[in-house]
Amino acid sequence: MYPAQFDYEKAGSVSEAIDAISGHSDAELIAGGHSLLPTMKSGLAEPEMLVDIGDIDELHGIEHHDGHTHIGAMTRYADVAEDNTLWEEAPVVAETTEMIGDRQVRNRGTVGGNIAHADPASDLPGAVLAADATVHIAGPDGERSVEADDFFHGMYATDVGEDELVTGVQVPHEGTAGAYAKKPNPASGYALVGVAVRLTMDGDTVADARIGANGVMDHGTRLEPAEDAVEGQALSGDSIGAAGDAAGSSLDEYMVMEDQQASAEFRLQLLGAYTERALEAAGERAGVL
Amino acid sequence: MATEETDHEDGVQSIDPDDVDTEDILGSAIERREDPALVSGEAEYTDDIQKPEMTHMAMVRSQYAHAEIEEVDTSAAEEMDGVVAVYTADDLDVPGNLPVGWLLDSLEQVNHPILAGDRVRYQGDAVAIVVAEERYQAHDAADAVDVEYERLDAVAHPGEALDDDAPVIHEEAGSNQAFDWEIGDQEATKQAFEEAETTVSLDLHNQLLIPNAIEPRATVADYHPRTDELELDMTSQNPHVHRLLMSGVIDHPEHKLSIRAPEVGGGFGSKIHHYADEALTALAAKDLERPVKWTATRTETYITDAQGRGHETTGEMALDEDGNITGLRVHTKANMGAYLSTFAPSIPTYLYATLLSGQYEIPTIYCTVEGAFTNVPPVDAYRGAGRPEASYVVERLVRQAAREVDMDPAEFRRQNFVPGDAFPYETPVAMAYDSGDYQKTLDRAKEMLNYEEFRERQEQAREDGRYLGVGLSAYIEACGIAPSELVGELGAQAGLWESSVVRFQPSGTVTVYVGTSGHGQGHDTTYAQIVADKLGVDYDDIEVEEGDTDEIPQGMGTYGSRSAAVGGGAIVESAEKVIEKGRKIAAHQLEADPEDVEFENGEYQVAGAPDRSVTIQDVAGASYLAHDIPDDMEPGLEATSFFDPENFVFPFGMHAAIVEVDPDTGEIEFEEYVAVDDVGNQINPKIVEGQIHGGIAQGIGQALYESAEYDDNAQLTTGSMQDYAVPKSSHIPEIKTASTVTESPHNPLGVKGVGEAGTIAAPQAVVNAVVDALEPFDVDHIDMPLTNERVWRAINENGGEH
């Protein structure tokens, strides 16, 4: 309700931000503030210092390159959701950001803040996994890159170290068939289940499939059995059905999330249904269904 | 009484009041005059009020639902920056017991202290208060008050609370039974069931709901020691009722206490009741001789606003061989929460069981209700208050009975309706319905749904593995509860009349003072429409004042859909008195006999002599000038009325939903929602439509999304909007509305009330539709809220389609 007192510093550059958090034992970065501020107001987080990275120019904006797009960490969801190139070259990322929260949230929340926070019910982790993106991280020792598959470690836990920050996400222009199917929690709007799909087509055949799921496990998770079910064959009602059946098969049911709205058992049921919906939407977008 | 039909399937269009002639203003869908201030942020709510030297109050609330208080250590809090005072129960030397305003014969009246001294009985029960210079300081210091508790077993559900081995919440009561109440004829009903060809039975849970008014409760108290005047601004649906009750609670004389409701952001019933919080704010202001403001946080509203519903019911219906209903038997265990809130005992009794006849001719009904103390916040009126619970029981049983006797549910209803020529109709549960035509709303709803065609589509869809269903809800509500003598016989500790003053100013403008207290309903607009019509005075020349004990003589407030029926009636009576006085002045000036002076469209005219006329506004001027008025007459042109209607009014209608259920996910999609309502004459069809829309949204919220859930320790697990699903606009389907108009004979406007209709009608329309869709899976019932998981489980429990 009322956050505890904290110090505030506005960083002018990435290195200033790193210096500020390195020099303080209990500092948090603030980007869009849409995850951090609610936890501070509810008393779940009481950082002694906030380092505001909102004004760092190099973290803002979307750059299109040959073969990939770079999305700066401070880029707002709304800008990603309105980017025509991403809709063409990596639709799973564009569609997912369009389905985050509501317009006000999309106008404030940031791509970097989202994945660095790694809320298990957030939408972007699944899309970043499906898109086979690379996350750029800066720290006291310079810059490094991490594949999405290695980025998410657990609930609110990522590969980003204490003194590091996410500077951007690199999304390859591959697999132009993609979609996100989301079952929002009717209360919070977060994903009860969200399934992000990227298909690389070779004619009618699915050459490669990447499927990432949100809201089911303690972090964004690839659904490899579902990918296997559709790869190497034409996308069809049968293969999609098989993918739905296989969607949760590699997940440990005891680790599946539970809440007021959905038990673990029912979440897995939804996971199957939403995997099918995401594949159908991707197939329609690719013109193969 | 004739029933007229109007159609607005595409929505009612708003009209600029400047485009409407005064003689047409009553019944026009003019824009709400209060909206520009409300939507621009100019309107003043309680929390907007700032006073010099004002302090801020925060509450120390129990985190446990049931515990003994061992020790309260306020020393750390007292030392903190900005803290002005900390009070515990020991520090307050006042009567401090919140009263119950409705008594039943068997009612256990338990103590309801404004601060818990030795025991807390729900999570949120206040243990201490902190007053500080700044709001943040008050909350920080409240966190620093150290309370030692000895935890006790807790119970959240009425059925469990009434078990012999349940923890007893009020030891002075001996058990958790708050009351044991009955209505109807037990013997005759028993006989009806013995003689029945068929009976059906359902166990129904009507879940607890959190009111979620957009503005949290708040109070600003200001005490003037030299005059002993205590002024409160607060979020109140009934300032005069609050003043009367509070004068006793804090022992402050009523004439030295004034209560004003500034703009109030919704209530849904939750701002009727007298809570501890406003009394504590008042006491702190009095003790400190400084203004004190308290504004609930959203979290506090979740754990302290009186909640609604909370019934566990077994309902049974008896039927003869032709599908006629021959009897109804209902047993309900009602959750009263930890204490008895202001009007709580009336909600699951007289406002509930008296509506169990629904729209049907049922020869005999018997209902018993046990009220149960539990460790949840007090449960009291919430939009509909007892009537949604009744309508839910009746309409779920009717759906089940129709299935049992293999009749279409629409035709089953038609066969059992109270016939149009039977009004006034006496039910076996003490009600006399004023007027109605239930066939007509059913016919209209069926037409709008394309009902017969839908049944064919439904059959085809099932063959394709798609599950569509239609749900009907033939609802009735009783509102504008009256007359006072009757409600007194039923146990109310108050009369339920309404008062008004209609006052001309000398220049011919008019101010109307009325004892209702709007909090979003649009009274400034609708009351001005009534007065413009009655007095023939331009709408813009009329001002409406509500919600201030200093300005308005007396009042009972706004709840129970009473404002138009009872408040509107009071306004009409005052307007008529003003017209009569004006007639004598006009006659005097026109040198005619008053009996020969006619009043029409704001003008007095000598019958048969159109050139001999004077406007009522000129008469008003003359009345204050008083140079030339009848000798035996007092100057001035105003009148006061107390209107006590002869009976309730009974709005009714038919709501219907068509849904599709996805058996894979339990997801429910609306295809149609139609609402055919008869709320009597409509003062403003746009406002009526808004009330219907909002009510339906709230009803769909209950049907599909909302539920206050408690764990085994009676801790609320849906304590914020992150977990408690208040429906969003995307959750609500397009709503097609239509109305029939059957005037009520019980008030001069012929209105019936509309504030709660949608909330009462919608839940069972939705649940019946889902149950209808799932007929192939042999699903008889699913408890609300119909979450996707509950629906999916209901489908799969019976092993899939049969």
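Please read all numbers here as calculations on a predicted model, not as lab measurements.

Participant: Could you give an account of the domain arrangement of chain A, naming the residues involved and the relevant values?
Facilitator: Residues and elements named next belong to chain A. Examined at the domain level, chain A breaks down into domain 1 (7–51), domain 2 (59–172) and domain 3 (177–284). For domain 2 and domain 3, the distance between their C-alpha centroids amounts to 20 Å. Listed per partner, the contact involves 25 residues of domain 2 and 22 residues of domain 3. Together, the buried faces of domain 2 and domain 3 total about 1,900 Å²; carbon and sulfur atoms form 55% of this surface. For the pair domain 2 and domain 3, the number of links is 4 salt bridges. Viewed at the interface, domain 3 and domain 2 are joined by 16 residue pairs in polar contact (both at pLDDT 80 or more). Of all the secondary structure elements, the ones that give two or more residues to the side of domain 2 that touches domain 3 are helix 5 (91–98), helix 8 (124–130) and strand 8 (152–154). The leading source of residues in the side of domain 2 that touches domain 3 is helix 8, at 5 residues.

Participant: Quick rundown of the interface of chain B and chain A? Include the residues and the values.
Facilitator: Between chain B and chain A, the contact holds 25 residues from the first and 20 residues from the second. Per-residue buried area on chain B facing chain A is highest for B:Q722, B:E789 and B:W792; these three make up 25% of the total on that side. Linking chain B to chain A there are 4 salt bridges. Across the pair B:E667 and A:R277 runs a salt bridge whose closest N-O atoms are separated by 2.6 Å. Summed over the shared surface of chain B and chain A, the result is 12 residue pairs in polar contact (both at pLDDT 80 or more). At 4 residues, the largest contribution of residues to the side of chain B that touches chain A is made by helix 19 (residues 788–797) of chain B. Residue composition of the side of chain B that touches chain A, grouped by class: 7 nonpolar, 9 polar and 9 charged.

Participant: Before we move on, can you summarise the environment of B:P158 with the specific residues and values?
Facilitator: By the element assignment, B:P158 lies in helix 4 (residues 158–161). Not counting residues within four places of it along the chain, the set of residues in contact with B:P158 comprises B:G310, B:E312, B:K333, B:A334, B:N335, B:A372 and B:T374.

Participant: So what's going on with the domain arrangement of chain B? Which residues, and what values?
Facilitator: All names here are of chain B. Examined at the domain level, chain B breaks down into domain 1 (46–152 + 212–304), domain 2 (308–481 + 647–797) and domain 3 (497–643). Between the C-alpha centres of domain 1 and domain 3 the distance comes to 40 Å. Listed as interface residues are 18 residues of domain 1 and, on the opposing side, 15 residues of domain 3. Together, the buried faces of domain 1 and domain 3 total about 1,200 Å²; carbon and sulfur atoms form 51% of this surface. Counting the contacts that link domain 1 with domain 3 gives 0 salt bridges. Inspection of the region where domain 1 meets domain 3 yields 7 residue pairs in polar contact (both at pLDDT 80 or more). Of all elements in the fold, only helix 6 (239–249) and strand 12 (257–260) reach the threshold of two or more residues within the side of domain 1 that touches domain 3. For the side of domain 1 that touches domain 3, the class distribution of residues is 8 nonpolar, 8 polar and 2 charged.

Participant: Lay out the pairing of strand 27 (residues 652–662) of chain B with the relevant residues and their values.
Facilitator: Residue and element names in this part refer to chain B. With 9 of its 11 residues buried, strand 27 lies for the most part within the structure. Taken together, the 10 bridges between strand 19 (residues 467–476) and strand 27 define a ladder with antiparallel strand orientation. Residue pairing across strands places Y475 opposite G653, the latter belonging to strand 27. Where strand 27 lies against strand 28 (residues 667–678), 11 bridges are found, and the strand directions are antiparallel. Within strand 28, the residue paired with H655 across the bridge is A675. Between the antiparallel neighbours strand 27 and strand 28 lie 4 residues, among them G666 with a positive phi of about 70°.

Participant: Quick one: what's the story with the sheet that holds strand 10 (residues 218–224) of chain B, residue by residue and with numbers?
Facilitator: All names here are of chain B. Across the sheet, 7 strands lie side by side as 4-6-2-13-10-11-12; this open sheet has mixed pairing. For this open sheet the edge positions go to strand 4 (83–88) and strand 12, each flanked by a neighbour on one side alone. Strand-to-strand, the axes of this sheet are offset by a mean angle of 20°, without reference to chain direction. The sheet contact formed by strand 10 and strand 11 (residues 229–234) spans 6 bridges and is antiparallel. If you follow H224 over to strand 11, its bridge partner there is E229. Along the sheet face, helix 6 touches strand 11 and strand 12 and points at about 145° away from the line of strand 12.

Participant: An account of the packing of helix 14 (residues 523–535) of chain B against helix 15 (residues 563–590) of chain B is requested, with residue identities and associated values reported.
Facilitator: All names here are of chain B. Where helix 14 meets helix 15, the closest approach of the two axes is 10 Å, and the angle between their N-to-C directions is 35°. Of the two elements, helix 14 crosses helix 15, and the hand of that crossing is right-handed. Together, H523, Y527, I530, V531, K534 and L535 of helix 14 and S563, G567, G568, I571, V572, A575, V578 and I579 of helix 15 make up the contact between the two elements. Its residues assigned to classes, the contact of helix 14 with helix 15 comprises 9 nonpolar, 4 polar and 1 charged.

Parameters at a glance
Residues numbered from 1 in each chain as written. Chains lettered and ligands numbered in written order. Predicted model: local features only at pLDDT ≥ 70, side-chain atom pairs only at ≥ 80, totals over all residues. Heavy atoms only, no water. Domains from an automatic or database assignment. Contact = heavy atoms within 4.5 Å. Buried area = accessible area lost by both parts, 1.4 Å probe. Salt bridge = Lys/Arg side-chain N within 4 Å of Asp/Glu carboxyl O. Polar contact = N/O pair within 3.5 Å; in protein donor to acceptor, adjacent residues only side chain to side chain. Helix = DSSP H or I, 4+ residues; strand = E, 2+ residues; numbered from the N terminus. Nonpolar A, V, L, I, M, F, W, Y, C, P; charged D, E, K, R; others polar. Buried < 20%, exposed > 50% of the residue type's maximum accessible area, 1.4 Å probe, protein only. Pairing = 2+ DSSP bridges. Axes fitted to C-alpha atoms, helices over the stretch in contact; angles between N-to-C directions. Left-handed = near helix turned anticlockwise from the far one by under 90°.

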